[in-house]
Amino acid sequence: MTIRDFIITGWHDGRRMVVRHRILVLTIIVMFAAAGSSRFVRGNILGTGSSGGLGNSSSSEQSLRACDSKDTRFEDVQNIDELRNIYRQGMTAVVSEREKILKTPSLWKCGLGAAGEPPIAELRALAADIPGWHYRVDTSFLFGAVTVPVQRPVTFASFASIVAEFQRGYECKLSELQDRNLAEVALNNDIEKPAQFCCVTAGDSQGCREQADVGICETPLTTNPACNEQCPVLLYMSDLARRVPALHQNALDEREISRVAMERMLSTMRSFEVNYAVARQFVCYQRASLDLKNEMSLLADAVSCMPKIWDAVTSIHDKKQ
Amino acid sequence: MIGSLSPALAYAALPYSGDSMFDLFYDELRSNYSNSKPSQRIADFIIKEMESWSDRGISITADDIDLAIAGMLFLDSDDGLCQNKNDMSGDAYDFAVGGTLVPGSCIGLQNDILALLNAEQEIEHLGTDLITLANSAELSIADEPHRPLDMALYTLLVRRVWSGTGASVIPWDGGIDGVRTPLDEKFDDLNNDLAGLSLQDLDEAVLRFHHGYFRDEREADPRFDDVQTLIHDDLRDLAEKLGITGDPEAVGVFSTPSLTAKNIAFWARRDDLGLMWIYPSHVFRMEIKVADEYPEMVDDGDNLAYPFGYEGSSPPSALGIASPLCSRMLGREGYLCRPMPKTVENCDNTGDGSSITLVKCSEEVTTTESGPLICPGFENLFMDTGLPLEDPADPGHLNPALTKADYAKICSPERKIMYQDDITSNACYIALCLQQSMSGHTLVPNRNPVAINEATSPYLACIRPDPQLGLYTEIAEDSPYPLPEYLGQFLVRDFERQYCAKNGDAPQPLFGLCGYNDNENASFGIDNPLMNSNVTSDLHIRLQERGAEFNAIAASIGQRVALDQSIELERKMFARLAHFIQHIADLFLQLERAPLTQSACPWTGMFRSSEPSS
């Protein structure tokens, strides 16, 4: 081998190395992509993050989430009527939205995948407030890793699950309220709103009671059921005997009624949902057909002039004799 | 709490009232919930049953039922449940002394009232569950207006675009900007009368007129004679204004305004008109009678949907539309509503109808000797003589007074042609025009009349070659109107959702969530994934194990489902498409029979090589 041969060979080898290096880089990228995508696919199918590799999240952490109202819309509210309103407003919003979509084919889109999704802003808003609709993934950041919450996909088809998860949050809150019924009565939180409270003196004690329950108020009326710190809630034994079981029963009824109403709504909605895919195809087919019909109409208009056009120029075609 | 507004500010604490489907169920549940005031119907039932209580019967009122619930048996004011009661003959009732087991005791009365109340409420609850189950499968295919997702309407609209035929929607002849037409005024009467009814009265009205005012007239069920006669008269007046006479064969649906009363709708078709629940939310029970009088079951009913005979005054002649189901727009075309075939055209019909027999059929094929055959059997192009296309006496149908166009001169100058604006008619017109043009002219190859712009070309093909030959030839583009994509994966998902629903599980948001086998069915119910986290995580593990298997079968299932659905639902539509394509194909195939010129330049002889002409 001459020096020149060596140089040429070496140059060739060097280029091969670069090429090999590129293949290696590409392979690594592909492997990362595959790892990432398989995680999402499995996440989609199973409703959890995967349990291995990069960005893992414990599936048990998701599934075994405690039955509590933490991070839900209900977290900071203790009055049962207020809770019911929050719940019903949430339900009404997403159910009305869905009814409207199903009633209005002009909202249906004919694309595939995300491009075929109708507008579901209310459903997304509800899912955003549901801790169960998020999972956490680790992602590298500078020299370490951080955990970021990722919202699970919200599609038109996610409705039943999101609504059921919202229901779960509500029922958990109601059972928390049942556990704490004594404490809530002691804070006048069981009294139906709107109500006003004030400070009264009764015998040798002074305290905060509902205005409708007392004669003369000693302080200005307030909507704060606990009045203020100088005037703590005044309760009699008869209040406890009456109001604690009532609150308990109220929460129990509400748990059952809301659950049954939700199930009836889901069942009734089901008929429309199972036919939505086919109905959408019909509507999309009809849209394409209308376009075709209009084009055919235009073509028919143009064609009606054809004999005239062909009669006009004798140089390019003949009149048959 | 995620979000910036404090909940107390964001959600005002007023009694909530929404108008979604959910609110309908919630409000109804709350008002009928046990331990609250019983419904009027249940109260009436209990009062009636108590008339034969113990040996002498006891006369009670709805207030007494409330006292029984509250446990107020004896009050200082002497109006407790067991005070001042009379038996059915009007004598004062003396309660026996003793507990629940002693006949005629006070506690026994309270006990019996509460037992009846609970039993009735339980039955109502079960009835509602039953109707909810039926709703979950049938509402969107019930072929009734005022609901989401009207499958029947979508099917008919597609058919109409392609063929111009099929049932039509007739607009409501109402006023705008607050102006009320006479028809509107009749509707207002109905609306106001309904708005004044109690829930129980509404139940009665819907029960009587759900399947139509004229059906009610024909069937003449004696139990309905005195039920909601005011609504009966309102519907009669509306029928008169709408020109509905009760002809069961008339087809077409009116678009009707919404009623003020919640969850109730007024419907009108050209054969009948009536009321309906938008979302049936409970079962209404009338006094139960043995069903031996009406309607009468007959052994040889002519269709599957309604094997009943008519006892009413004027049974419809076509028994296929005898049942309420079969009188609906699309329903009447379903297989349940078709009469069972007795004889089939072009077949030897040797069977006697009582057994399965193989019959021999022949099909006639029509052939023509010469000339193109365009739009065979299609007679929807007419002379425009000033007559309307639509029959004024029968909206949605062609005017029988129209004159058929001369198909040989369809595009001749001054010829006015009229036809429905649908795809098939347009295609037929185009095809006939092409045929006429082709039969009157011959083409010179490689020339584009539009590019020449009606001028004589200096480069006549027969004289000298055209230097720009081919320059104006346009490349054919793909059709700009593609048929919609095949949505196979949506059908797979759709199938799986039906699969879930069938097995009592809620529709799942993501593909693959609904696994199924017999032993696990019970634990897959809706409560478990919600409330029992152990089951949920267990579910995930089992699904993980089963995922691959399920994915593999899903593809083939999906294909099968897609095929089945296409065949069932789109058969008519694609039949039209096939006809259309057949017509176009026919046109081009038949063109070769047209007497086209054989030589390039028939007036100068054969084509010659380039030579300057003078």
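Keep in mind that what you see is a predicted model, and the values were worked out from it rather than measured.

Moving on, we get to the overall build of chain B. Along its length, chain B carries 15 helices and nine strands. Taking all contacts inside chain B whose residues are at least 6 apart in sequence as the whole, residues at least 24 apart take part in 59%.

Helix and strand counts for chain A stand at eight helices and five strands. Scanning chain A from its N terminus toward the C terminus, one meets helices and strands in the order α-α-α-α-β-β-α-α-β-β-α-α-β. Looking at the 321 residues of chain A, the share that counts as buried comes to 37%. Of the contacts formed within chain A by residues at least 6 apart in sequence, a portion of 62% connects residues at least 24 apart.

Assignment of secondary structure puts L126 of chain B in helix α5 (residues 106–138). A sequence separation of 157 residues divides L126 of chain B from V283 of chain B, and the C-alpha atoms of the two residues are 9.3 Å apart.

Turning our eyes to something else, we now look at the confidence of the model for chain A. Residues and elements named next belong to chain A. Here chain A averages 75 in pLDDT, while 74% of its residues score no lower than 70. Confidence over residues 1–63 falls short of pLDDT 50; this stretch has 48 contacts with residues more than four positions distant or in other chains. Scored below 50 in pLDDT, residues 312–321 makes 27 contacts in the model with residues more than four places away or belonging to other chains.

Turning to the pairing of strand β1 (residues 134–141) of chain A, a few remarks are in order. Residues and elements named next belong to chain A. Pairing between β1 and strand β2 (residues 144–151): eight bridges, direction antiparallel. Bridge pairing in β2 links V137 to V148. Counting the residues that bridge the hairpin from β1 to β2 gives two residues, and of these L142 lies at a positive phi of roughly 50°.

With that out of the way, let us pick up the packing of helix α5 (residues 159–179) of chain A against helix α7 (residues 237–303) of chain A. Residue and element names in this part refer to chain A. At a minimum axis distance of 9 Å, the contact between α5 and α7 shows a crossing angle of 170°. What the angle tells us is that α5 and α7 run roughly antiparallel. Counting all contacts with α5, which are made through A160, V163, Q167, Y170, E171, L174, L177 and Q178, the residues of α7 involved are H248, A251, E254, R255, S258, R259, M262 and L266. Here the residues of the contact of α5 with α7 sort into eight nonpolar, four polar and four charged.

Further remarks concern helix α4 (residues 62–70) of chain B. All names here are of chain B. Residues of α4 that are buried include every one of D64, I65, L67 and A68, and no others. Across the axial projection of α4, the buried residues extend over an arc of 160°, all falling on one side. Away from its buried face by more than 90 degrees, α4 exposes D63 and A70. The elements touched by buried residues of α4 are α3 (40–50) and α5. Note on α4: the residue one or two positions beyond its end, G71, has a positive phi of about 75°.

One finds I162, V163 and M265 of chain A together with Y429 of chain B to be the most contacted residues of the largest nonpolar core, which totals 107 residues. The greatest single-element share of this core, amounting to 19 residues, is contributed by α7 of chain A. For I162 of chain A, the residues in contact, after removing those within four places along its chain, are L123, L126, A127, I130, W133 and V154 of chain A.

Our next topic: unusual backbone geometry. All names here are of chain B. In this structure, D143 is a non-glycine residue whose phi angle is positive, near 65°. Inspection of the secondary structure puts D143 in the loop between α5 and α6 (151–163). In this structure D143 comes out as buried when scored by C-beta crowding, with 21 C-beta atoms within 10 Å. Within the chain, N263 stands out as a residue other than glycine whose phi angle is a positive 65°. Within the secondary structure, N263 sits in the loop between β2 (253–254) and β3 (264–268). The class for N263 is partly exposed, based on 19 C-beta atoms found within 10 Å.

Attention now moves to the confidence of the model for chain B. Residue and element names in this part refer to chain B. The predicted model of chain B averages 69 in pLDDT, with 55% of residues at 70 or higher. Low confidence marks residues 288–294, where pLDDT is under 50. Its contacts with residues over four positions away, or in another chain, come to two contacts. Below a pLDDT of 50 lies the segment residues 309–317, which in the model reaches 16 contacts outside its immediate sequence neighbourhood of four places, other chains included. Two summary scores accompany this predicted model of the complex, namely pTM at 0.64 and ipTM at 0.74.

Where α7 of chain A contacts α6 of chain B, the axes come no closer than 9 Å and their chain directions differ by 20°. When the axis of α7 of chain A is compared with that of α6 of chain B, the two are roughly parallel. α6 of chain B is crossed by α7 of chain A, and the crossing has left-handed handedness. The segment α7 of chain A lies against α6 of chain B, with N275, A279, F282, V283, Y285, Q286, S289, L290 and K293 of chain A engaging M151, Y154, T155, L157, V158, V161 and W162 of chain B. Split into classes, the residues belonging to the contact of α7 of chain A with α6 of chain B amount to 11 nonpolar, four polar and one charged.

Residue and element names in this part refer to chain A. Where strand β3 (residues 197–202) meets strand β4 (residues 205–210), six bridges bridge the pair, whose relative direction is antiparallel. Across the sheet, C199 pairs through a bridge with C208, a residue of β4. In this structure, the hairpin formed by β3 and β4 is closed by a connection of two residues, where G203 is found at a positive phi of approximately 65°.

Bringing helix α4 (residues 121–128) of chain A into the picture now. Taken together, the buried positions of α4 of chain A are occupied by L123, L126 and A127 of chain A. Down the axis of α4 of chain A, the smallest arc covering the buried residues is 100°, so these residues share one side.

Along the chain, the position of K293 of chain A falls in helix α7. Among all residues touching K293 of chain A, those that are not within four sequence positions of it are V161, D421, D422, I423 and N426 of chain B.

Our focus in this paragraph is the environment of H248 of chain A. With respect to the helices, strands and loops of the structure, H248 of chain A is situated in helix α7. With near-sequence residues (within four places) excluded, H248 of chain A lies in contact with Q178 and N181 of chain A.

Criteria and cut-off values
Residues numbered from 1 in each chain as written. Chains lettered and ligands numbered in written order. Predicted model: local features only at pLDDT ≥ 70, side-chain atom pairs only at ≥ 80, totals over all residues. Helix = DSSP H or I, 4+ residues; strand = E, 2+ residues; numbered from the N terminus. Contact = placed C-beta atoms within 7 Å. Buried ≥ 20, exposed ≤ 12 C-beta atoms within 10 Å, placed from the backbone. pLDDT = per-residue confidence, 0-100. Pairing = 2+ DSSP bridges. Axes fitted to C-alpha atoms, helices over the stretch in contact; angles between N-to-C directions. Parallel < 35°, antiparallel > 145°, perpendicular 65-115°, else oblique. Nonpolar A, V, L, I, M, F, W, Y, C, P; charged D, E, K, R; others polar. Arc of directions from axis to C-beta. Core = buried A, V, L, I, M, F, W, Y, C linked by C-beta atoms within 7 Å. Left-handed = near helix turned anticlockwise from the far one by under 90°.

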